[in-house]
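Examination of the molecular architecture
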Amino acid sequence: MKPNKKVFIYDTTLRDGAQGEGISFSSQGKLRLARKLDEFGVDYIEGGYAGSNEKDMAFFRDIKAENLKHAKIAAFGSTRRANTPVEEDEMTAKLLEADTEVVTIFGKSWRLHVTEVLRTTEEENQAMIRDTCRFLKEHGKEVVYDAEHFFDGYKDSAEHALATLQAAVDGGADALVLCDTNGGTLPHEITEIVNVVLDTFDTPVGIHAHDDAGMGAANTIEAVRAGCVHVQGTINGYGERTGNANLITVIPTLMLKLDYELTVGDRLSRLTEVSHYLDEILNRRPYDKAPYVGRSSFGHKAGMHVNAVQKHASSFEHISPESVGNHRRVLLSETAGRSNIMMKAEEMGLELDRSSPQVKEVLDRLTELEHKGYAFEAADASFKILIQKTMAQHEPYFELLSYSVTVERNGVDEKPVSCARLKLKVGDEVEHVVSEADGPVDALDAALRKALTRFYPCIGDVSLTDFRVRILDPEESTSATTRVLIESTDGDTRWGTVGVSENLIEASWEALVDSVEYKISQSKA
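The model shown is predicted, which means the values in this text are computed figures rather than measured ones. Every chain begins its residue count from 1, and numbering advances along the sequence as written. Given that this is a predicted model, residues contribute local features only at a pLDDT of at least 70 and side-chain atom pairs are listed and counted only at 80 or more, while totals for whole chains, interfaces and linings are drawn from all residues. Excluding hydrogens and water, the side-chain values take into account all heavy atoms of the structure.

Looking at the pairing of strand 3 (residues 72–78)
With six of seven residues buried, strand 3 is to be regarded as a mostly interior element. A pair of strands is treated as paired once DSSP finds two or more bridges between them. Helix numbering and strand numbering both begin at the N terminus, where a helix is a DSSP run of H or I of at least 4 residues and a strand a DSSP run of E of at least 2. Across five bridges, the pairing between strand 3 and strand 4 (residues 102–108) is parallel. Its bridge partner lying in strand 4, F76 is registered against T104. For crossovers, right-handed means that the path from the first strand over the helix to the second runs clockwise, given strands pointing away from the viewer. For the crossover that starts at strand 3, traverses helix 3 (residues 90–98) and ends in the parallel strand 4, the hand is right-handed. The classification of residues rests on relative accessible area computed with a 1.4 Å probe and restricted to protein chains. Under 20% of the type maximum is buried, over 50% is exposed, and intermediate values are partly exposed.

This is the structure:
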């Protein structure tokens with residue numbers, strides 16, 4: 001293990017991450033993420049592939065107006081074309097046009113790519129690398145050389161792969177980044193090959209790993225342990241095929257487990273925020289089981305585990321959730337014990353005496369409802385209402401008098417329309433409303449909020465973000481018990497509710513009522 005403990009983070013989410021399936025950034029989205037990464041303390045932000053599309057070139061122009069506090073912006077491109085003077089190469093000219101402080105170019109390390117893809121000689125390939133690095137350095141750029149397919153190339157011919165690095169060094173490259181482009185290299189191979197490179201060159205060495213074998217983060221960590229000081233990756237691991245090394249995993253591992261120095265420093269507690277911010281920009285649901293930042297990362301379900309965590313958090317938590325901006329969650333199911341109930345109540349701001357018979361009542365009621373098909377792991381709001389009802393602390397905000405939902409379709413080509421009729425009593429007033437929507441649950445949700453907004457304006461900001469249905473007894477066919485889980489948000493917080501019935505609409509109604517009542521109770525509190 002090399003003694004250097006300072007590591008630089010190079011984020012390529014806006015370039016390599018954008019190549020992932022289903023990933024697309026708007027122009028404003030690219031700028032927003034760049035600002036967030038700069039605030040977080042990332043050292044380099046790769047803005048895109050210079051000359052490949054107008055959106056990336058527009059980013060390079062627009063980012064100049066941003067007052068970035070720390071990060072350097074890098075433009076990405078390739079070496080000059082074969083048998084073309086670098087001064088006449090169009091793509092190299094685009095790298096200069098991007099007008100960034102840092103330029104990252106990739107070149108071929110694998111003979112297969114030189115002879116079969118570029119269809120040129122090894123000598124010309126090395127000249128392409130050397131000339132482009134030299135030309136960019138002459139124009140005052142910090143040059144990062146990405147050795148594409150380096151590990152596959154090294155295993156094919158170590159002599160050739162190292163010669164391509166030498167060409168970059170001769171051209172004046174400021175950093176040599178070893179790329180596991182196919183993502184199939186294993187950690188022990190990374191260590192062995194990185195050690196050879198470090199023993200051969202004095203230029204700072206970096207790592208760019210992909211996750212095709214599920215080793216992206218592990219390979220990055222091993223490369224740093226071997227002595228790499230430059231880490232490339234993407235937020236949430238987004239990228240081509242199975243993705244890139246996930247910086248959201250790599251950064252806290254380097255800092256908390258291995259004591260490396262990163263510019264992120266005390267901003268590590270914003271890690272979860274950064275991860276979720278990207279998903280918000282991309283309109284993607286955060287991955288619950290993501291290491292460090294996922295909702296499930298510090299979720300405890302078994303009663304014995306919860307009891308242990310209550311006594312000593314490190315008994316079942318490898319780090320403090322707060323250190324990465326996450327928080328502990330107590331999950332509820334038939335395996336729950338008193339500790340689960342107590343910690344969950346405390347988490348929700350409810351006071352319970354451990355020795356109180358009410359705790360057993362809640363536990364018994366929870367077991368009874370779980371047996372009927374209810375699940376409260378993703379329905380915290382419904383569980384809070386359950387506790388309040390058991391403790392006789394629940395305030396009914398309205399009374400259902402009746403509802404009906406119909407679906408009407410006129411003609412073969414017409415779109416079906418759902419209509420919900422709802423009659424509620426709020427205090428002494430009766431509210432009767434009708435709403436239409438594309439689907440029956442949408443119509444019922446619209447009618448409920450239409451009827452209540454006059455009395456409880458706070459629910460005007462509530463919207464449904466997720467609706468999941470599970471058939472619990474599939475062998476019962478259309479008469480099977482159905483569980484509905486609904487996730488709601490008011491723009492600031494999210495909460496989950498659950499409903500169970502043989503009737504899909506009734507199960508949905510239960511979950512909708514809990515969602516609205518939870519929001520009203522929170523606003524009153």
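Back to the write-up after that little detour.
Quick word on the packing of aromatic side chains
Pairing of aromatic side chains requires ring centres within 6.5 Å, counting the rings of Phe and Tyr and the six-membered ring of Trp. Pairs whose planes differ by under 30 degrees are stacked, by over 60 edge-to-face, and all others tilted. Applying the stated rule across the entire model yields nine aromatic pairs. Relative to F151, the ring of F150 lies with its centre 5.8 Å away and its plane at 85 degrees, an arrangement referred to as edge-to-face. Taking the relative accessible area as the measure of exposure, F151 reaches 0% and is therefore buried. Seen from their ring centres, Y403 and W509 are 5.3 Å apart, and the 35 degrees between their planes marks the pair as tilted. Linking Y403 in strand 11 (residues 399–408) with W509 in helix 17 (residues 504–524), this pair joins segments that are 106 residues apart in sequence. Judged by relative accessible area, which is 24%, Y403 ranks as partly exposed. Relative accessible area serves as the criterion here: at 6%, W509 is assigned to the buried category. A network of ring pairs unites the aromatic residues Y49, F76 and F106 as a single cluster. Counting as a charge over the ring demands two things of the Lys NZ or Arg CZ atom: a distance within 6 Å of the ring centre and an angle within 35 degrees of the ring normal. Geometry around F8 places K6 over its ring, the cationic atom sitting 5.2 Å from the centre.

Examining the packing of helix 9 (residues 216–226) against helix 10 (residues 247–257)
Think of two packed helices as two axes; the pair is described by the angle between the axes and how far apart they sit. Between helix 9 and helix 10, the shortest axis-to-axis distance is 9 Å and the interhelical angle comes to 35 degrees. Regarding helix 9 and helix 10, the two cross each other, and that crossing is right-handed. Two secondary-structure elements touch here, helix 9 through A217, T220, I221 and V224 and helix 10 through T249, V250, T253 and L254. Its residues placed into classes, the contact of helix 9 with helix 10 shows five nonpolar, three polar and no charged. Angles run from 0 to 180 degrees between N-to-C directions of axes, and those axes are lines fitted to C-alpha atoms, restricted for helices to the stretch in contact. Two helices cross in a left-handed way if the nearer one is turned anticlockwise from the farther one by less than a right angle. They cross in a right-handed way if the turn is clockwise. Here, two residues are considered to be in contact whenever any of their heavy atoms come within 4.5 Å of each other. In this count, Pro and Cys sit with the nonpolar residues alongside Ala, Val, Leu, Ile, Met, Phe, Trp and Tyr, while Asp, Glu, Lys and Arg are called charged and the others, Gly among them, polar.

Some details on the sheet that holds strand 15 (residues 482–489)
Strand pairing in a sheet relies on backbone hydrogen bonds, with the paired strands running either antiparallel or parallel. Taking strand neighbours across the sheet as the criterion, the three strands line up as 14-15-16 in an open arrangement whose pairing is antiparallel. Each of the sheet's edge strands pairs with one partner strand only, and the pair in question is strand 14 (463–471) and strand 16 (494–501). Averaged over all pairs of adjacent strands, the angle between strand axes in this sheet comes to 15 degrees, irrespective of strand direction. The pairing of strand 14 with strand 15 spans eight bridges and is classified as antiparallel. Each bridged residue has a counterpart across the sheet, and for S463 the counterpart in strand 15 is T489. Strands strand 14, strand 15 and strand 16 of the sheet are contacted by helix 17, whose axis makes an angle of about 150 degrees with strand 16.

So, unusual backbone geometry
A positive phi angle, close to 60 degrees, is found at R241, a residue other than glycine. Of note, R241 is situated in the loop between strand 8 (230–233) and helix 10. Using a relative accessible area of 45% as the deciding quantity, one classes R241 as partly exposed.

Re the nonpolar core
We define the nonpolar core as a collection of buried residues of types Ala, Val, Leu, Ile, Met, Phe, Trp, Tyr and Cys that are connected through side-chain atoms lying within 4.5 Å of one another. If you look at the biggest cluster of nonpolar residues, it comprises 78 residues, and the most contacted ones within it are Y145, F150 and L165. Beyond its immediate chain neighbours, meaning those up to four positions away, F150 contacts S109, A161, L162, L165, L178, C179, I193 and V197. One finds F398, L452, Y456 and V513 within the second-largest nonpolar core, a separate group that totals 32 residues.

So, the pattern of salt bridges
Whenever a carboxyl oxygen of Asp or Glu lies within 4 Å of a side-chain nitrogen of Lys or Arg, that contact is scored as a salt bridge. All chains considered together, the criterion is met by 33 salt bridges. Here R494 ties to E280 by a salt bridge, and the two come within 3.9 Å at their closest N and O atoms. On the criterion of sequence distance, the pair formed by R494 in strand 16 and E280 in helix 11 (residues 271–282) is long-range, its members being 214 residues apart. Across the pair E487 and R285 runs a salt bridge whose closest N-O atoms are separated by 3.2 Å. Of this pair, E487 sits in strand 15 while R285 sits in the loop between helix 11 and strand 9 (299–300); the two residues are 202 residues apart in sequence, bridging distant segments of the chain. The exposure class of E487 is buried, given its relative accessible area of 11%. Residues participating in the shared-partner salt-bridge network are E280, R285, D466, R468, E487 and R494.

A short note on helix 14 (residues 357–372)
Over its 16 residues, helix 14 extends 23 Å from the first C-alpha to the last, a length consistent with the 22 Å expected when each residue adds 1.5 Å. Three or more residues of helix 14 are buried, namely V359, V362, L363, L366, L369 and E370. Angularly, the buried residues of helix 14 cover 135 degrees about the axis, an arc narrow enough to put them on a single face. Exposed residues on helix 14 whose side chains face more than 90 degrees from its buried face are P357 and H371. How far a helix is expected to stretch is found by multiplying one less than its residue total by 1.5 Å. Taking the helix axis as origin, the arc is that swept by the directions to the C-beta atoms.

Examining helix 16 (residues 440–452)
Under the 1.5 Å per step criterion, the end-to-end length of helix 16 is 19 Å for 13 residues, consistent within 8% with the ideal 18 Å. Looking only at helix 16, the buried set comprises V441, A443, L444, D445, A447, L448, A451 and L452.

What to know about the pairing of strand 5 (residues 142–148)
Where burial is concerned, most of strand 5 is hidden: seven out of the seven residues are buried. Burial along strand 5 is two-sided: E142, V144, D146 and E148 and V143, Y145 and A147, pointing in opposite directions, are all buried. For strand 4 and strand 5, the ladder comprises seven bridges, and the chain directions are parallel. Among the inter-strand pairings, V102 is bridged to a residue of strand 5, identified as E142.

Let's talk about the sheet that holds strand 13 (residues 429–437)
In space, the three strands of this open sheet follow the order 11-12-13, with antiparallel pairing throughout. Two strands lie at the open edges of the sheet, namely strand 11 and strand 13, each paired on one side alone. Neighbour-to-neighbour, the strand axes of this sheet turn through a mean angle of 10 degrees, independent of strand direction. Where strand 11 meets strand 12 (residues 417–426), nine bridges bridge the pair, whose relative direction is antiparallel. Considered in strand 12, the bridge of L400 is made with L424. Contacts from helix 17 reach strand 11 and strand 12, with the element oriented near 135 degrees to strand 11.

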